[in-house]
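Report on the structure
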Amino acid sequence: MVESVRPRASAARFGFTDDRAEDHLRAAGWWNDAGPAEGVQQVLAAFSRAPDPDLALRAVDRLREADEERWPELSNAIRDDATLRGRLLAVLGTSTAVADFLVGSPGEWRRLTATACTPVADYSDELLAAVQPTEQVLTGREAEQALRKAYRALLMEIAAVDVGHLVETGLDQPSFAEITNALTELADASLRAGLVVAGQEVASSDEAVLAVIAMGKCGGRELNYVSDVDVVFVGEGDLQVATRLATTMMRVVGHACFEVDAALRPEGKAGALVRTLEGHEAYYRKWARTWEFQALLKARPAAGDAELGRRYAELIAPMVWSAAERENFVTDVQQMRRRVERHVPSEIADRELKLGIGGLRDVEFAVQLLQLVHGRADAELRSASTMEALEALGRGGYVGRADAAELRASYEFLRTMEHRLQLRALRRTHLFPEYEDTAQLRWLARASGVAPRRDRSESDILVAEFRRHAQRIRRLHEKLFYRPLLDAVARVPTAALRLTTSQAESRLAALGYAAPDGALRHIQALTSGVSRRAAIQQTLLPVLLDLLADTTDPDGGLLAYRRVSEALADTPWYLRVLRDEAAVVEHLAFLLGTSRLVPDLLVRAPEILQLLGETERLAGRSPLEVAGSLRAAARRQPGLKASVAAARSLRRHELLRVACADLLGLLDVPAVCAALSSVWGAVLQSALAAAIRQRSAEVGSEPAKIAVVGMGRLGGQELGYGSDADVLFVCDKNDGASDAEALKFATSVAETVREVLGAPTQDPALEVDANLRPEGRSGPLVRTLDSYRAYYVRWGEVWEAQALLRARFVAGDEGLGERFIADIDPVRYPAGGLDATKVREVRRIKARVDTERMPRGADPTTHAKLGRGGLADVEWTVQLMQLRHAHEVDTLRTPSTPAALQALADAGLADAEDVGSLLDSWLLATRARNVAMLVRGKAVDQLPTSGRELAAVARVFGYAADDDPGEFLDAYRRTTRRAHAVVERLFYES
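Residues numbered from 1 in each chain as written. Predicted model: local features only at pLDDT ≥ 70, side-chain atom pairs only at ≥ 80, totals over all residues. Heavy atoms only, no water.

**Regarding helix α4 (residues 71-80)**
Three or more residues of α4 are buried, namely W71, L74, S75, A77 and I78. One face of α4 carries all of its buried residues, which in axial projection span an arc of 160°. Buried residues belonging to α4 abut α1 (21-28), α2 (41-49), α3 (53-66) and α5 (82-92). (Buried < 20%, exposed > 50% of the residue type's maximum accessible area, 1.4 Å probe, protein only. Helix = DSSP H or I, 4+ residues; strand = E, 2+ residues; numbered from the N terminus. Arc of directions from axis to C-beta. Contact = heavy atoms within 4.5 Å.)

What follows is the structure, encoded as structure tokens:
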């Protein structure tokens, strides 16, 4: 009979993947040729539960090699002491840095036994004993080395207790709060020990008193494993000595334990390191910004003179809890929030635990803001701890209890991830592993207690949990700020949410709403009732209120949203689009909180709302396609009024589309001007065609051909949102008609066009201006082609030739229009250019315009049209150069200002740099004028110089919300000042 052979055991059975695992186990005495040695099954099972069994085994092997003489003692302890085994293998399988410490400090592993861990209350005594082993306090490098070793030993104990339960389930699992409290106590003890060393090193240290105030996470007793410790110093006595004490303490602790950061002190790094209590008080009362009080919310005496620290805490508390009443409260808090968000590179934003969207800062910011708003009257909220404050907010009804509990859980989850990642190498990091890095994810999952389930790995579960918690925090503002507001205005009694109306108003004011009582009325009007519409609004409003709070005019935006919602109440798809498409809501909120014109147009052209989520469709329509569609739609209508109504409707649609794309930064200036000019031209074409049809039907014939010639900005295809259409009406008799009949017919048509288009409506005006015609307002509205030719040859003045530079056929009979353009070319491009007399005349007229047309009290540095370096400056310069040189430079024969500028540079008539300055100024002034109209809702040439309107214009130009909007004006003035200097040279001197 053949004896059966039992298969040889493999180390892989215990979770090891390293090819050297069996060699390490054999060297430890835990493995033989047949497999596990006798009595080590519990040890190997413990390794299998370690976050990284291979990492733990390699560390144990290093410990054996470093102290082979005492290895049997350690080996037996690992076999026999479950507490030591769990703590040691867990921490070695988590942290290479702790392994390095243990290898370099033989025997320190004994701290991890059940009875050897140092009580938190004894941390200070232990570190003080390290720097003062005898009656003499150590100094210099010797003190730093002693403190470093003692600090690392205690940090190792905390980490081992933190993760030990992962390996030995019988060990107690400490709470997150217990771990952060221990880390904070260790930091406090380090500061105290460092201050003792500093007192020994600094001469005459007894002549000064120093208090160290902990800030940030240390102040809140929620410190990380690896973090700067933010502090503020308060001194009495000799401040120079106190400053040397502080500097020395920062050096000692920085070299031994962690960096001590004093940048939160008054005036930041530029301010004095140590101030007296009176110096702090004077600064905070006179100069401090709101975010500094937000930081002081976590201030806590941590080391040094306890009495001085207590007096400091008593001094700042009233200032902290009245900060929400400051005028700049909202601005400063929002700036701090945005500054944090801008620091995160986009490629890692979704993995940034601390600063990313849905990260730790989101929770901390929201909790602190709610504390500052409601802590004025409720002392229960005055905790430096984020976790404690969340609990208090839930107990007090400022946040739903369930919401508070969920946010606490999500915050704790992300902090745990942060702790494990930092513990690995004791380096400061907040970056979740890449989703494809399965090895790193598996280690992190096991180190965090995440186990596989069914067919899902630890890595997959961890990523899913991370995303779930981040998404929950992304709803932070909806959860913490806005849903209670809806219940407050609806008067819904509930144990979880019981904001009073006054509390709801306080919260809205803190979020940037200038008239919170009005905002509450809007919310109530939108959400009242039990209809489906009200239910959807209750879902939408929290998101929308948050988005509007980020705009320059939250109150105006909310009012506009109410107007739009009420106007579109019967539009079946309106709320569905907002509910289902996040991009639409985001863009709509920005537009409503920025522009007064957009809401007016939106209620009459709601279909554009559907394009807000499709930026390519919003910005990508061809002006020619739009014009063709408008003409075709108008042509299908049965009469003049119906044709004009159709043209107006499509023009409104196009005006809104362009305005939205412009404000969202999807169209540049030339594209905006071309689109507006094209649609204006199409409206003229449609109205002219309809008027001709109607008048022809009335008289029974069509005695004249009519052409409309665009002038000014219409001719140059440079129209803005509020521009009139400058035109000339030209006619020519048809066969069988007399000149008188032709003129009568054409004049009737022209008057009809002006009347129907100029009729008042809610849309921006459609003013057809024919004042540039010969003899101006006193001349006939329409002339024949021969009459125009004769007038310009015999009576035309230089300013009329200048006006004709921008003439372009836009509507009516194309052949007639082309003949008119050919006839005026010799007038506007005079052979030989202008003589000196006419050049002086042009300059004289401009000087008169500059002085007489500038409105009284206008600021010439910010008047987009007539100001220095503005539109008129650039255009007059270009036009003078055209009058002088276009007879010999064909490319100058263009009605377009940018094209003419480029031609000047190409022909060498102006320096390329000068042309660039003029073009930059022209584009800037054109867009600024357009944006100012969109913001104000009416045509304006003077740019706003302060207030919400300036902030809105600056935001559209790309300035961040926390930037000073005055920076936009400074940039505008710089650009136009350079252009004006070029104008002075080219227009007056050349």
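We are not done yet, so read on.
**As for the pattern of salt bridges**
Taken as a whole and judged by the stated rule, the model has 60 salt bridges. The salt bridge partner of R844 is E841, with a shortest N-O separation of 2.7 Å. One end of the pair is R844 and the other is E841, both in helix α38 (residues 836-852) and three residues apart, which spans about a single turn. Using a relative accessible area of 43% as the deciding quantity, one classes R844 as partly exposed. Owing to a relative accessible area of 26%, E841 belongs among the partly exposed residues under this scheme. (Salt bridge = Lys/Arg side-chain N within 4 Å of Asp/Glu carboxyl O.)

**Digging into the nonpolar core**
If you look at the biggest cluster of nonpolar residues, it comprises 178 residues, and the most contacted ones within it are Y312, Y561, L578, L684 and L757. Here the element with the most residues in this core is helix α32 (residues 669-699); it accounts for 13 residues. Membership of the second largest hydrophobic core comes to 100 residues, among which are F47, L112, M156 and I179. (Core = buried A, V, L, I, M, F, W, Y, C linked by side-chain atoms within 4.5 Å.)

**Brief notes about the pairing of strand β4 (residues 229-237)**
When strand β3 (residues 208-214) meets β4, the two strands line up antiparallel, connected through seven bridges. By the bridge assignment for β4, A211 is matched with V234. Considered for its hand, the β-α-β crossover made up of β4, helix α11 (residues 239-256) and strand β5 (residues 260-261) is right-handed. Sheet analysis places β4 next to strand β6 (residues 274-275), joined by two bridges and oriented parallel. Each bridged residue has a counterpart across the sheet, and for F233 the counterpart in β6 is V274. (Pairing = 2+ DSSP bridges. Right-handed = clockwise from strand over helix to strand, strands pointing away.)

**Thoughts on the packing of helix α39 (residues 871-885) against helix α43 (residues 966-988)**
Their axes nearest at 10 Å, the elements α39 and α43 cross at an angle of 25°. As judged from the angle between their axes, α39 and α43 are roughly parallel. With respect to the hand of their crossing, α39 and α43 are arranged in left-handed fashion. In this structure, α39 contributes D873, V874, W876, T877 and L880 to the contact, and α43 contributes H980, V983, L986 and F987. Grouping the amino acids of the contact of α39 with α43 by side-chain chemistry returns six nonpolar, two polar and one charged. (Axes fitted to C-alpha atoms, helices over the stretch in contact; angles between N-to-C directions. Parallel < 35°, antiparallel > 145°, perpendicular 65-115°, else oblique. Left-handed = near helix turned anticlockwise from the far one by under 90°. Nonpolar A, V, L, I, M, F, W, Y, C, P; charged D, E, K, R; others polar.)

**Considering the environment of A9**
Examined against the element boundaries, A9 turns out to sit in the segment before α1. We classify A9 as buried; its relative accessible area is 16%. Remark: the alpha-carbon pair of A9 and D33, spanning 24 residues in sequence, is separated by 9.0 Å. What A9 contacts, discounting residues up to four positions off in sequence, is E22, W31, A34, G35 and P36.

**As for the packing of aromatic side chains**
Per the stated rule, a full pass over the model turns up 16 aromatic pairs. Where F16 meets F47, the ring centres are 5.6 Å apart and the plane angle is 55°; that geometry is what we call tilted. Pair noted here: F16 is in the segment before α1 and F47 is in helix α2, with a separation of 31 residues, a long-range link. The two residues F16 and F47 agree in class, both being buried. Here the aromatic rings of F968 and Y972 are separated by 6.4 Å at their centres, their planes lie at 45°, and the arrangement is tilted. Of the two residues, F968 and Y972 are both situated in helix α43; the distance of four residues between them amounts to about one turn of the helix. Y972 matches F968 in its accessibility class, with the two residues each being buried. Here a set of aromatic residues connected by ring pairs shows up, and it is made of F16, W30, F47 and W71. Its guanidinium or amino end placed over the ring of Y435, R467 lies 4.3 Å from that ring's centre, counting from NZ or CZ. Positioned above the aromatic ring of F957 is the side chain of R927, whose terminal nitrogen or guanidinium carbon lies 5.0 Å from the ring centre. (Phe/Tyr/Trp six-rings, centres within 6.5 Å; stacked < 30°, edge-to-face > 60°. Lys NZ or Arg CZ within 6 Å of the ring centre and 35° of its normal.)

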